[in-house]
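Structural characterization, general
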Amino acid sequence: MLSSYADTIPLTEAPILLEVRDVSVEFVSKQKGAPAARAVDHVSFALREGEMLGLVGESGCGKTTLMLSLMRLLPAAGRIVTGSIEFMGQDLLDLTESEMSEVRWRNISIIFQGAMNALNPVRTVGDQIAEALVRHGMAPTGKKSSAAGRVGDLLEMVGIGANRANQYPHQYSGGMRQRAMIAMALACNPQVVVADEPTTALDVMIQAQILELLDELRHKLGLSVILVTHDLGVVAEVCDTVLVMYGGVTAEYADVDTIFNDPQHPYTQQLLNAFPDLTRPTARLISIPGAPPRLDNLPPGCRFAPRCPQVFDRCHSEPPALHRLSDGHLASCHLVESR
Amino acid sequence: MTESPILQVQNLRKLFPAQRSGLFRSPERFVHAVDDVSFDLGRGEVLAVVGESGCGKSTLALTLLGLETPSAGKIIFEGNDVTSVSGKEQKALRRHIQMIFQDPYESLNPLMVIGEIIAEPLKVHNLAPDKAERAARVRRALEDSGLRPAENFVNRYPHELSGGQRQRVVIAGALVLEPTLLLADEPVSMLDVSIRAEILNLLADLRANRGISIVFITHDLATAAHFTDRVAVMYLGRIVELGRTRQVLANPTHPYTKALLSVIPVPNPRQRRQRIILEGDPPNPIDLPPGCRFHPRCPIAQDICRGEDPALRLVAPAQQAACLLA
Amino acid sequence: MTASTEITSIRGLSRTFSRSTMGMIGLILLLAAILMAVFAPQLAPYDPYAPVKVTIDDIYAPPSAQHLLGTDDAAKDVLSNFMYGSRVSLVVGFFAAFIAVAIGGTIGIVAGFWGGKMETGLMRFTDIMLVIPDLPLAIVIVAMTKPSLWNIIFIIGILGWTGTARLVRSQTLTVKERKFVTRARAVGAGNSYIVRRHILPLVLPLMVANTVLVISLAILSESTLAFLGLSDPTLVSWGQMLNYAFTRGAMSAGAWWALVPPGLGIVWVVLGCTLLGRGLEEVLNPRLETHHLAVGKRMIARSGVRGTAVADVETEEWQVL
């Protein structure tokens, strides 16, 4: 089958569905007296209708924490300390827990990483999807049996086939389990889907199948998708806009073409150099020395300063502000200030 | 290549019983993990073995290392048949062939400090019994792997190091024996992108400085593209295409290689390619399809593909493919 | 980037253990018993092994200033008997548990590590030993041999290893599959080296925790045997105190003080061991083992919840989370 997805242009005219403003998240330490670790620091982004946003970063950059805050699913030690998360004009942080649980799944749903563990091994896939439908009042009579038709439709939609609803997760291959997870996330017709590393640990061919499915569903259902990933190639293939995070802060935020062809933040530039590009094989990849910072031991100035090739004095003492380079292109680096 | 190859693999086969053998019955069905694989590896050469999970690439590595006994075929290392050596010879062989594992979080014993971990191979082989000499070799291996100064690392536990540093420790543990052949099983797939490049460059340096031959096992053709000389693409236990890396990437001939290449994400949104997405999953390696094992998923399969099992044959200078239509 | 500190080291174990209240209570109970046993000669008001002149008033004499817990059927001081009796219980408990864990540990590691026919054979044997009722067998063997202290220790030891063997085997199977074992093999290490350097250190903490539980079982077995009259007649033990009290009319004489102290003593030590063992086990539960890169320590602890429970997440866990 030949295909070419993501030949769409960013839907910049579409209305904004979800707007995250200045969100910071802290984790309280169990040890007394230890300062709270700030996992996410004043991050903002907007998600338009039908748009796919790529959230890119390395381990510990706060991307998972940011997505969990969006769903208000932070672990007990985590607190959203600043900012707002507006979904269709409503600040999600103002909702009560029961209102929020209505929003989850019906408006914003999440595809978890590791489909292998996320499905209950002793119950059929169809049963698990039906349960989600019943739980959120999507079954006509409130009984699982009445949801069978919808379960079948959902499975067909993700390319599994309604006849496999009665099978158990272990009878599915890795790719099919991930498809089942997508079906589950789509059960209640959400407007926004957060996909947390949906293709990590899958083979490239299966990854391509899943990405194509996501892209197809997005166009068919008008979904907005946030794709959390560390794989720049995947982002380039399917996303419209990209938020690059480093050490809990926004490094750069722009549309996909700008990020890949006119990156301004040294981290984005280095990350692109470090990423192997099949179309331009060279003998050596450019590596970024050092390791990402730990949340409990952040550098005082710019968080990327210890690894930055263009570092200068000011970087070590003063954290850079988020500068606006042009409409829809933000970067937090002292170097872009003058531009 | 005038020199004799360091490693020759001839018709190597590794089958696993598909069900547990009972007391009174022996298994009748087998998983064909590695099925008739042959290749040569030159001195100082880096060969990439690429394929999806379950294609047999990891089993191939374990068989080359001697941790799995081959069911058939020959492994010739430095001109000697080492296919089924055991005991002392096997142990001696380990000094020359070393392996780097995928998961740097799992492949280090959490209860041992880095110094002990690196010294372990020396201890096992009773090399450098002198304490000072052993410490010197440990230090050299650490520094050669980019962990400088070595003193800062010898007394630390694995959990105190970052992922990239741990993978360097794993590499140092392999280097300390000064092997001539290194098997690297997905050495970077668990690491962050910014750290991957460092490890790949380290491996490239080892080849350049020490002339170590490397078999680089990966699922990622893009990573393989960067420093390997040749690439072997595996599908269901068999090599379907083998040739110079640049040449294969520029001019893939096997439809599986073509598909694999087309779906690898390219970090450039302006570059749009036709993607060949194969449907479904690879069939299980127990009941292999008749004829060409790729034909059920092959976009260009024809009738003859169902009847005849193609062998590797030359399709271009220094490029072989196992396809009847190539 | 912090990976979770492995709980498999003894040091990590003690650190985490100090947070377990139940475990600490158990430890204190057990330590108190050990102190009492060690210093029995100093603490006990009388020597239970010294001959006493018996008058009728001294038999089953109620608690008094002279005999804080009264006297028994032989006019001996119950408190002193109780203190000395703890020695036998603890000695039998510790030594028998040591034998049991040594046998069980060896069988478990051998079966788990070597696998194949060896494993099948050893585990069949373990299963057979597991279903044979221990107590009747122990009674038969003790009755056939001399009920000396060491005989009893030995018999309890060789009958009580099955649980340990199964536990150690499963842990060995887990450790064996870990990559650093494969790596050691790749380096050229032999089986005995791998067991010594890689398997044993990771199985050991679990064995320590298990030993504590086995001690409590051994103490119970010893008490039961002694209560049934199968104990070294020359040594005072709690089980034997109960046996004498029962068979020599303490019940009809209303001499509760001859019965209650040894009974409570057994409960005390067994409870202490059980609490301590459970506390240790809780600490050793391998659920904390993870190596996901993405987030900090506390999130790792939660990622299990997230990973395993999406189905539940949809039903109950949304609220809980």
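Report follows, based on the coordinates. Just so we're clear, the structure is a prediction, and the values are computed from it rather than from any experiment.

Criteria and thresholds
Residues numbered from 1 in each chain as written. Chains lettered and ligands numbered in written order. Predicted model: local features only at pLDDT ≥ 70, side-chain atom pairs only at ≥ 80, totals over all residues. Heavy atoms only, no water. 1 Å grid on protein atoms, 1.4 Å probe; cavity = no way out; pocket = protein on both sides within 12 Å on 5 of 7 lines; lining within 4 Å. Points joined across faces, edges and corners; volume = space filled by probe spheres on them. Nonpolar A, V, L, I, M, F, W, Y, C, P; charged D, E, K, R; others polar. Helix = DSSP H or I, 4+ residues; strand = E, 2+ residues; numbered from the N terminus. Polar contact = N/O pair within 3.5 Å; in protein donor to acceptor, adjacent residues only side chain to side chain. Salt bridge = Lys/Arg side-chain N within 4 Å of Asp/Glu carboxyl O. Buried < 20%, exposed > 50% of the residue type's maximum accessible area, 1.4 Å probe, protein only. Contact = heavy atoms within 4.5 Å. Buried area = accessible area lost by both parts, 1.4 Å probe. Pairing = 2+ DSSP bridges. Core = buried A, V, L, I, M, F, W, Y, C linked by side-chain atoms within 4.5 Å. Phe/Tyr/Trp six-rings, centres within 6.5 Å; stacked < 30°, edge-to-face > 60°. Lys NZ or Arg CZ within 6 Å of the ring centre and 35° of its normal.

What to know about empty space enclosed by the protein
Residues and elements named next belong to chain A.
- The final tally for this structure, using the stated rule, is 13 cavities of 30 Å³ or more.
- What the second largest cavity holds in volume is close to 70 Å³.
- Residue lining of the second largest cavity: 14 residues in total, with Pro266, Cys302, Cys308, Cys315 and Cys333 positioned closest to the centre.
- For the lining of the second largest cavity, the per-class residue count stands at 10 nonpolar, 4 polar and no charged.

Description of the side chain of Thr199 of chain A
- Of note, Thr199 of chain A is situated in the loop between β8 (192-196) and α7 (204-221).
- Side chain to side chain, Thr199 of chain A and Gln207 of chain A meet in a polar contact 3.3 Å long.

Here we look at the pattern of salt bridges
- Applying the stated criterion across every chain, the model contains 39 salt bridges over all chains.
- A salt bridge links Glu97 of chain A to Arg72 of chain A; its shortest N-O distance comes to 3.6 Å. Of this pair, Glu97 of chain A sits in helix α2 (residues 97-106) while Arg72 of chain A sits in the loop between α1 (63-70) and β5 (78-87), placing them 25 residues apart in sequence.
- When its relative accessible area of 32% is taken as the criterion, Glu97 of chain A is described as partly exposed.
- Residue Lys57 of chain B is joined to Glu186 of chain B by a salt bridge in which the shortest nitrogen-to-oxygen separation is 3.8 Å. With Lys57 of chain B in helix α1 (residues 57-65) and Glu186 of chain B in the loop between β7 (181-185) and α7 (193-210), this residue pair connects regions lying 129 residues apart in the sequence. With respect to class, Lys57 of chain B is no different from Glu186 of chain B; both count as buried.
- Within the structure, one salt-bridge network assembled from shared partners comprises Arg13, Asp35, Arg238, Arg293 and Asp309 of chain B.

Here's the deal with the interface of chain C and chain B
- Across the contact, 26 residues belong to chain C and 33 residues belong to chain B.
- In total, about 2,700 Å² of surface goes out of reach between chain C and chain B, with carbon and sulfur atoms giving 62% of it.
- For the pair chain C and chain B, the number of links is 3 salt bridges.
- As a salt-bridge pair, Arg178 of chain C and Glu106 of chain B come within 3.1 Å of each other at their nearest N and O atoms.
- Counting every contact that joins chain C to chain B gives 9 residue pairs in polar contact (both at pLDDT 80 or more).
- For the side of chain C that touches chain B, the secondary structure elements donating two or more residues are α9 (179-187) and α10 (191-227) of chain C.
- The biggest single contributor to the side of chain C that touches chain B is α9 of chain C, with 8 residues.

Structural notes on the pairing of strand β9 (residues 230-235) of chain B
Residues and elements named next belong to chain B.
- Counting buried residues along β9, 6 of its 6 residues qualify, which places the element largely inside the surrounding structure.
- Here β9 shows a buried face lined by Arg230, Ala232 and Met234 and a second buried face lined by Val231, Val233 and Tyr235.
- In this structure, strand β3 (residues 46-50) lies alongside β9, joined through 4 bridges in parallel fashion. The residue bridging Ala48 from the neighbouring strand is Val231, located in β9.
- The loop that links β9 with its antiparallel partner strand β10 (residues 238-244) comprises 2 residues; one of these, Leu236, has a positive phi angle of about 45°.

Description of the nonpolar core
Residues and elements named next belong to chain A.
- One finds Phe45, Leu66 and Ile226 to be the most contacted residues of the largest nonpolar core, which totals 108 residues.
- Per-element accounting of this core gives the leading share, 8 residues, to helix α6 (residues 174-186).
- When residues no more than four places from it in sequence are discounted, the contact partners of Phe45 are Leu18, Glu19, Val20, Leu53, Leu66, Met67, Ile226, Leu243 and Tyr253.

A word on the interface of chain A and chain B
- With 49 residues of chain A at the contact, the number on the chain B side is 45 residues.
- Interface area, chain A with chain B, both sides summed: about 4,400 Å², of which 55% is carbon and sulfur.
- Ionic pairing is found between Arg270 of chain B and Asp257 of chain A, a salt bridge with its closest N-O pair at 2.8 Å.
- Along the contact surface separating chain A from chain B lie 5 residue pairs in polar contact (both at pLDDT 80 or more).
- When residues of the side of chain A that touches chain B are traced back to their parent elements, those giving at least two are β1 (2-3), α7, α8 (232-238), α9 (256-261) and α10 (266-274) of chain A.
- Of all the elements, α7 of chain A adds the most residues to the side of chain A that touches chain B, at 7 residues.

Some points on the packing of aromatic side chains
- Scanning the model with the defined rule gives 14 aromatic pairs over all chains in all.
- Relative to Phe246 of chain C, the ring of Phe227 of chain C has its centre 5.2 Å away and its plane inclined at 85°; by these criteria the two rings are edge-to-face. Here the residue Phe227 of chain C occupies a position in helix α10, and Phe246 of chain C occupies one in helix α11 (residues 238-247), the gap between them amounting to 19 residues.
- Residue class for Phe227 of chain C comes out partly exposed when judged on its relative accessible area of 31%.
- Three or more aromatic residues link up through ring pairs in this structure, and these residues are Tyr246, Tyr267 and Phe304 of chain A.
- Against the face of Tyr244 of chain C rests Arg248 of chain C, its NZ or CZ located 4.1 Å from the ring centre.

Overview of the sheet that holds β5 of chain A
Residues and elements named next belong to chain A.
- The 4 strands are arranged β3-β2-β5-β6 in an open sheet whose pairing can be described as antiparallel. Each edge of the open sheet is held by one strand with a lone partner, namely β3 (37-48) and β6 (90-91).
- The pairing of strand β2 (residues 16-27) with β5 spans 8 bridges and is classified as antiparallel. Paired with Ser24 across the bridge in β5 is Thr82.

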